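So you can see what is in the structure, the chains are spelled out below.
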Amino acid sequence: VMWKAGLELVRGQPLIGIGAGNFRGSFAAANESVGGAPFDYTHAHNALLTISIRSGIVGLLSLFSLFMVPLFVSLRAGGDAVSDDGFAILAAVQLVYLTSGATGLALGHDIQDAVYITATVFCLYLIFGPATASAPEKSPQHVAGMLEWA
């Protein structure tokens with residue numbers, strides 16, 4: 001029922017959504033029209049649907065950027081075992097948060113946000129190292145190996 005109600009809201013405002021401040025009232029009304037009862041939830045129990053309702057396609061693209069940009073930037077960095085491990089951990093963190101969003105919120109709860117940000121920053125530190133370190137040369141074989149892994 002929640003996902004059907006959410007899809008109705010997305011169809012009404014697909015580009016920019018209904019706005020975060022309008023979510024609870026609009027979602028309760030949509031739940032009532034679809035399921036007969038005005039369930040008042042703070043999210044649609046699906047991160048992609050929740051973002052689509054609140055912010056439309058624009059918000060959905062922003063969410064994907066939040067997860068994908070660190071991965072794409074990290075593919076060009078590193079070259080040693082530590083940075084390769086950092087990339088593997090980063091990919092796992094991103095995958096866990098994206099898949100957890102299928103039945104809940106990928107982000108949006110304070111502790112989840114803090115763990116995601118901390119893990120991402122830690123992995124990026126492993127990949128890029130301290131700001132004072134010089135970047136190692138990238139061989140075409142290394143970049144090709146990382147792309148095969150991904």
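The sections below set out a description of the structure shown in this document. Here the residue numbering is sequential within each chain, running from 1 through the sequence in written order. Predicted model: local features are reported for residues with pLDDT of at least 70 only, side-chain atom pairs are reported and counted for 80 or more only, and whole-chain, interface and lining totals are derived from all residues. To get the side-chain values, take all heavy atoms of the structure and skip hydrogens and water.

1. Overview of helix 1 (residues 2-12)
Then, in step 1: When accessible area is computed with a 1.4 Å probe and restricted to protein chains, residues below 20% of their type maximum are described as buried, those above 50% as exposed, and intermediate ones as partly exposed. Segments assigned H or I by DSSP are reported as helices when at least four residues long, segments assigned E as strands when at least two residues long, and all are numbered from the N terminus. Three or more residues of helix 1 are buried, namely Met2, Ala5, Gly6, Leu9 and Val10. One face of helix 1 carries all of its buried residues, which in axial projection span an arc of 140 degrees. Turned more than 90 degrees off the buried face of helix 1, the exposed positions are Lys4 and Arg11.
Then, in step 2: Contacts are assigned to residue pairs with any non-hydrogen atoms lying within 4.5 Å of each other. Lining the buried residues of helix 1 we find helix 2 (23-35) and helix 3 (47-75). This arc corresponds to the set of directions leading from the helix axis out to the C-beta atoms.

2. Regarding the packing of aromatic side chains
Then, in step 1: Paired rings are identified among Phe, Tyr and Trp, the last through its six-membered ring, by centres lying within 6.5 Å, and are further divided according to the angle between planes into stacked (under 30 degrees), edge-to-face (over 60) and tilted (the rest). Per the counting criterion, the structure on display carries three aromatic pairs.
Then, in step 2: Each ring, one from tyrosine 97 and one from tyrosine 116, has its centre 5.1 Å from the other, and the planes form 65 degrees; the classification is edge-to-face. Residue tyrosine 97 is found in helix 4 (residues 81-100), and its partner tyrosine 116 is found in helix 5 (residues 110-128); the two are separated by 19 residues along the sequence. Accessibility assignment for this pair places tyrosine 97 and tyrosine 116 in one class, buried.

3. Observations concerning the nonpolar core
Then, in step 1: Here, nonpolar core means buried Ala, Val, Leu, Ile, Met, Phe, Trp, Tyr and Cys residues that are tied together by side-chain atoms lying within 4.5 Å of each other. Among the nonpolar cores identified, the biggest contains eleven residues, and these are Met2, Ala5, Leu9, Val10, Ile18, Phe23, Phe27, Ala30, Ala44, Leu49 and Ile53.
Then, in step 2: Put simply, the parts of the chain that give this core at least two residues each are helix 1, helix 2 and helix 3.
Then, in step 3: If we ignore the near neighbours within four places in the chain, the residues touching isoleucine 53 are Gly6, Leu9, Val10, Gly17, Ile18, Gly19, Phe23, Phe27 and Ala44.
Then, in step 4: Counting residues in hydrophobic clusters, the runner-up holds eight residues, among them Phe87, Ala91, Cys123 and Ile127.

4. Side note on a nonpolar patch on the surface
Then, in step 1: Two joining distances apply to patches: 9 Å for like charges and 5 Å for nonpolar side chains (Val, Leu, Ile, Met, Phe, Trp, Tyr), and every residue must have over 30% relative accessible area and no salt bridge. In short, Shrake-Rupley with a 1.4 Å probe defines the accessible areas, and a residue's cover is counted only from the protein chains shown. Salt bridges are identified by distance alone: a Lys or Arg side-chain nitrogen within 4 Å of an Asp or Glu carboxyl oxygen. There is a patch of nonpolar side chains on the surface, built from Leu15, Ile16, Ile57, Val58 and Leu61 and spanning about 490 Å² of accessible area.
Then, in step 2: Inspection of the secondary structure assignment puts isoleucine 16 in the loop between helix 1 and helix 2.

5. Things to note about the packing of helix 4 against helix 5
Then, in step 1: Relative to each other, helix 4 and helix 5 sit at 160 degrees, their axes nearing to 7 Å. Considering the angle they form, helix 4 stands roughly antiparallel to helix 5. Along this stretch, helix 4 crosses helix 5, giving a crossing that reads as left-handed. Contacts between helix 4 and helix 5 pair Val82, Ser83, Gly86, Phe87, Ile89, Leu90, Val93, Gln94, Tyr97 and Ser100 from the former with Gln112, Val115, Tyr116, Ala119, Thr120, Cys123, Leu124, Leu126 and Ile127 from the latter.
Then, in step 2: Under the scheme applied here, ten amino acids are nonpolar (Ala, Val, Leu, Ile, Met, Phe, Trp, Tyr, Cys and Pro), four are charged (Asp, Glu, Lys and Arg), and all others, including Gly, are polar. Partitioned by chemical class, the residues of the contact of helix 4 with helix 5 number 13 nonpolar, six polar and no charged. Axis lines are fitted through C-alpha atoms, for helices just across the contact stretch, and the angle between N-to-C directions can take any value from 0 to 180 degrees. Any angle between 65 and 115 degrees counts as roughly perpendicular, while under 35 counts as roughly parallel, over 145 as roughly antiparallel, and the rest as oblique. Crossings are classed by handedness, with left-handed meaning an anticlockwise turn of the near helix from the far one by less than a right angle and right-handed meaning a clockwise turn.

Just distances and angles here, no functional claims.
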